[in-house]
Amino acid sequence: MSKSIQRHFLLGGAGAAALLACAPSPATAQVRSEGETASVGEVVVTARRREERLRDVPVSASVIDVNQLIERGDIVDPQAILNSVPGVKFLDTSSPSNSEITLRGSGQGRGTSTEAAVGLYRNNIYIGGGTIGGRSLSRLDLLDLEQLQVLRGPQGALYGRNAIGGAITVSSARPRWDNRGFVNVNYQFETELKQVQAAVNHAVSDQVAIRLTGEWFDQPKGFFFNASQRNFIDRQEGYALRGQIRFRQDDLDMNLLVEDGLYYLPALRSAFTVAAGSPGFPLGYFTPKFTSYANDGEPAKQRIQSVIGQLTWESDLGTLSGSTGFRRRITNTENDTDQFDPATLARERARGNATTITDPNTATNNNDDFEALYADFHFAGAQSGRFSWLIGFEAFYSDDQFTTVTGRTPTPANASLGNFLPGRGRYKSWAPYGSIGFKLTDSFSAEGELRYSNDRKERQNFGFTRPTNAPIPAQTSEDSDEFSNLDYALSLTYDLPFDWIVFGRLATGYRAGGFNASVGDPRAPRPVVPTYQPENGTSYEIGAKGDLGRNIFVTLAAYQTEVEDFQGQVDNGCAVTNPVCPVVSTSFISNVGKAEVWGLELTASGRWELLGGRLRADASLSRQGGKLKSTGRRIQQNPDWTRALEVNFRRPVVGDAEGFLNLSYSGQTGGFQEIDSALELDDRDLLDARVGVTFERVELSAYANNVTDESYVVFRSATQVRYSDPRRYGVQVRYRW
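Residues numbered from 1 in each chain as written. Predicted model: local features only at pLDDT ≥ 70, side-chain atom pairs only at ≥ 80, totals over all residues. Heavy atoms only, no water.

Quick word on the overall build of the protein
Now for step 1: What the protein contains, in helices and strands, is 5 helices and 44 strands.
Now for step 2: In terms of overall dimensions, the protein is globule-like: its C-alpha atoms have a radius of gyration of 26 Å, near the 27 Å expected for 737 residues.
Now for step 3: Considered along the principal axes of its C-alpha atoms, the protein spans approximately 85 × 60 × 60 Å.
Now for step 4: Put simply, the protein has 737 residues, and 56% of those count as buried.
Now for step 5: For the protein, long-range pairs separated by at least 24 residues make up 68% of all intrachain contacts whose partners lie at least 6 apart in sequence.
Now for step 6: As displayed, the protein offers around 29,100 Å² of accessible surface, 57% of which is attributable to carbon and sulfur atoms.
Now for step 7: A gap of 3 Å separates the mean positions of the 76 positive and 86 negative side-chain charges of the protein. (Helix = DSSP H or I, 4+ residues; strand = E, 2+ residues; numbered from the N terminus. Rg over C-alpha atoms; globule rule 2.2 N^0.38 Å. Buried < 20%, exposed > 50% of the residue type's maximum accessible area, 1.4 Å probe, protein only. Contact = heavy atoms within 4.5 Å. Areas by Shrake-Rupley, 256 points an atom, 1.4 Å probe, with all protein chains shown as cover. Lys, Arg positive; Asp, Glu negative; His and termini not counted. Charge placed at Lys NZ, Arg CZ, Asp CG, Glu CD.)

Following this line, the structure appears as structure tokens:
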């Protein structure tokens, strides 16, 4: 272990140890305030498709609730929210439109048409899929959030498609039978961000309640400046509206949600950096860290519309739960593929540089129109002695229409303006599933889970030259394939004294095969493979969870996952420094063989009274590794260490006023960026802080994100480097009733 890794491990470990060491013992702990949860383990989760206490579930799970998000300023950034969860890696591409979430070293495929390797669910509806934008949570998904659950490890038996690394389930706040609401106003100084979030809840009657939620934001400035177009690449703006109506009578509970969000999101932002002596760049070429000279590319545009219906019906036999939903996501991105404007290229070529770049007007416009229908119904039998059971069925259909338009400068030798490349993909899936549990003794229980999945995919690609619309045979293809799989899980749980359990879990996960949407440049050194096969994972896990004293809840886990036909992202070898193929590379998915991933995880959460106030602290630490068995190469985007510590302290200050401080730290060490390169991930340590005062119904606060102004690389290639955001300051006002 290197000294750097040792230092970061000790930093994260010290935070976790400090959390455990400073907790009051049962003999000295003070009485909890009214309404405070006795233990984090008492939180109710639905990891096994039925409501259970977190402490009773033999699954490694993390829960983030609405109170934690309020303490951090009602954040809607998935990276900021998920950084505290062990085993999670957020692949920040610098644009939310194609960022990606991975869990426990699960495969990733940003910039490709593959499915995510993490099951993404919102109000029990699967929200992943599509060519662009379906591998992460959107800010609309995180607006007015009630709870977020991260289930680590394969969840294929109960959650189905793509849950090899795990599943993330998001629950939006539903209407309640009271009258309440909030307005949150946020202003950020450096970027001039203005943001308003609001929600109104109203009980119409004893049976009907409604909830209206909205968000508007406008950020005209940023940190990454386009010197050619004279604007900020990371500017953004948008709005979202959501309405819900809930009906409850006797044992029936139904909710209908309708929402619409329109966003102009930051575009991909990169500094151009080429070492001296590179092909075509004898003098080298470097743009400033936060400056671009691209003459094409606008903010990504994304619109998301959803309709979700949910019902729950209680009976003597058990509980019927149903969820149906429609989701449409339209995403448009524009990229300058040569990264030069005409004036800059002319200047460089006059110096005898950039000789492989012949056209400063090459560009790519991608448009993806994705529609999905989803339905899930399951019945959880009432507990009968030592026996429990669940049976369910789900169906999924998606229609993905995508178009790529490339641009170039016509010449006498080639009058083409570029290519028009439309395509369409359809995905049909259905699956019955169920589980059976049995309490063998008062302390020892077992549960089995089983799912059969059937997936059919179809894809059509076409190519035409602009403006003549002449067909391009190399860009034209039509494929279809059908995949089926049997996923299972077996859990053994033993109840120890003092509210502890130990568990063992054998579980599988499955990710369907598919087709690569783009064939890339015909000059590419590594041709794009047209199809790839399903990926299957089997995980072996042991763990323990329980209370340390009266105030701290701890989870420990160790796992190893074996993956067959690992779907890895590779590229076609093109680069602006490649004289054979001098354009930006095309990424695609290929089955790269067998892989193994392993890890150790620790989480600890404490709640107690201290110095006349209330202290909450959550810590996590994980060590993981993985490699391809055929080549020994490390699994991509899988840091050696991740660590996090969040502390929130509140106490009365004057009269009814209450002061608070929130500190949120996250860090990672080690790991590699891609599976086919030796580029290492940057180490990082990030700290966010928020301080303020609450009096009556008003909360005033000031915050700083990235307090230490940490700068690290989020992505690098042969010619591009993308950097993290610098430090940001802001103020917030929150009013609630």
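Side note on the nonpolar core
Now for step 1: Counting residues in hydrophobic clusters, the biggest one holds 29 residues, and the most contacted among them are Leu54, Leu151, Tyr159, Tyr374 and Phe396.
Now for step 2: Taken together, the elements giving at least two residues each to this core come down to strand 3 (60–65), strand 7 (125–126), helix 4 (156–159), strand 22 (363–381), strand 23 (387–407) and strand 24 (418–439).
Now for step 3: At 4 residues, strand 22 tops the list of elements feeding residues into this core.
Now for step 4: Not counting chain neighbours up to four residues away, the residues in contact with leucine 54 comprise Val40, Gly41, Val43, Val45, Ala61, Val63, Lys545 and Phe553.
Now for step 5: Core analysis: the next-biggest nonpolar cluster, separate from the first, contains 22 residues, Val76, Leu82, Val118 and Leu120 among them. (Core = buried A, V, L, I, M, F, W, Y, C linked by side-chain atoms within 4.5 Å.)

Looking at unusual backbone geometry
Now for step 1: In the segment running from arginine 466 into proline 467, the intervening peptide bond is cis, with an omega of 0 degrees.
Now for step 2: Relative to the helices and strands, proline 467 resides in the loop between strand 26 (464–466) and strand 27 (470–471).
Now for step 3: One non-glycine residue, arginine 230, adopts positive backbone phi at about 60 degrees.
Now for step 4: Looking at where arginine 230 falls in the secondary structure, it is placed in the loop between strand 13 (225–226) and strand 14 (231–232).

Observations concerning the pattern of salt bridges
Now for step 1: Inspection of every chain in the model, using the stated rule, returns 51 salt bridges.
Now for step 2: Here arginine 104 and glutamate 541 are joined by a salt bridge, their closest N and O atoms 3.2 Å apart. With a gap of 437 residues between them, arginine 104 in the loop between strand 5 (100–103) and strand 6 (119–122) and glutamate 541 in strand 32 (residues 535–548) connect regions that are remote in the sequence. Of the two residues examined, arginine 104 and glutamate 541, each falls in the buried class.
Now for step 3: Of the charged contacts, one joins arginine 716 and aspartate 682 as a salt bridge, the two residues approaching to 3.5 Å between their closest N and O atoms. With a gap of 34 residues between them, arginine 716 in strand 42 (residues 713–716) and aspartate 682 in the loop between strand 39 (658–669) and strand 40 (684–695) connect regions that are remote in the sequence.
Now for step 4: Taken together, the shared-partner salt bridges in this structure form one network comprising Glu42, Arg53, Arg55, Asp56 and Asp547. (Salt bridge = Lys/Arg side-chain N within 4 Å of Asp/Glu carboxyl O.)

A word on the packing of aromatic side chains
By convention here, two paired aromatic rings are described through the distance between centres and the angle between planes.
Now for step 1: Enumeration according to the criterion identifies 19 aromatic pairs in this entry.
Now for step 2: Arranged with centres 5.9 Å apart and planes meeting at 35 degrees, the rings of tyrosine 735 and tryptophan 737 form a pair that is tilted.
Now for step 3: An aromatic cluster is present here, built from Tyr121, Tyr126, Tyr159, Tyr374, Phe396 and Tyr427 joined pairwise through their rings.
Now for step 4: Between the NZ or CZ atom of arginine 49 and the centre of the ring of tyrosine 121, over which it lies, the distance is 5.9 Å.
Now for step 5: A cation over a ring is seen here: arginine 139 above phenylalanine 217, with NZ or CZ 3.8 Å from the ring centre. (Phe/Tyr/Trp six-rings, centres within 6.5 Å; stacked < 30°, edge-to-face > 60°. Lys NZ or Arg CZ within 6 Å of the ring centre and 35° of its normal.)

Brief notes about the confidence of the model for the protein
Now for step 1: Averaged over the protein, the pLDDT score is 89; the fraction of residues at 70 or greater is 93%.
Now for step 2: Ignoring residues within four places in sequence, the model shows residues 1–38, a span with pLDDT below 50, making 56 contacts including any to other chains. (pLDDT = per-residue confidence, 0-100.)

Concerning the environment of arginine 386
Now for step 1: Relative to the helices and strands, arginine 386 resides in the loop between strand 22 and strand 23.
Now for step 2: Measuring from C-alpha to C-alpha, the distance between arginine 386 and aspartate 442 comes to 8.9 Å, with 56 residues separating the pair along the chain.
Now for step 3: In contact with arginine 386, not counting residues within four places along its chain, are Gly437, Phe438, Lys439, Leu440, Thr441 and Asp442.
Now for step 4: A polar contact of 3.3 Å, which involves the side chain of arginine 386, links it to the backbone oxygen of threonine 441. (Polar contact = N/O pair within 3.5 Å; in protein donor to acceptor, adjacent residues only side chain to side chain.)

Observations regarding the environment of arginine 48
Now for step 1: Following the sequence through the fold, arginine 48 ends up in the loop between strand 1 (44–45) and strand 2 (52–53).
Now for step 2: Separated by 332 residues in the primary sequence, arginine 48 and alanine 380 place their C-alpha atoms 9.9 Å from one another.
Now for step 3: Those residues in contact with arginine 48, other than ones at most four positions away along the chain, are Asp56, Val57, Pro58, Leu158, Leu390, Glu447 and Glu449.
Now for step 4: A polar atom in the side chain of arginine 48 sits 3.1 Å from the side chain of glutamate 447.

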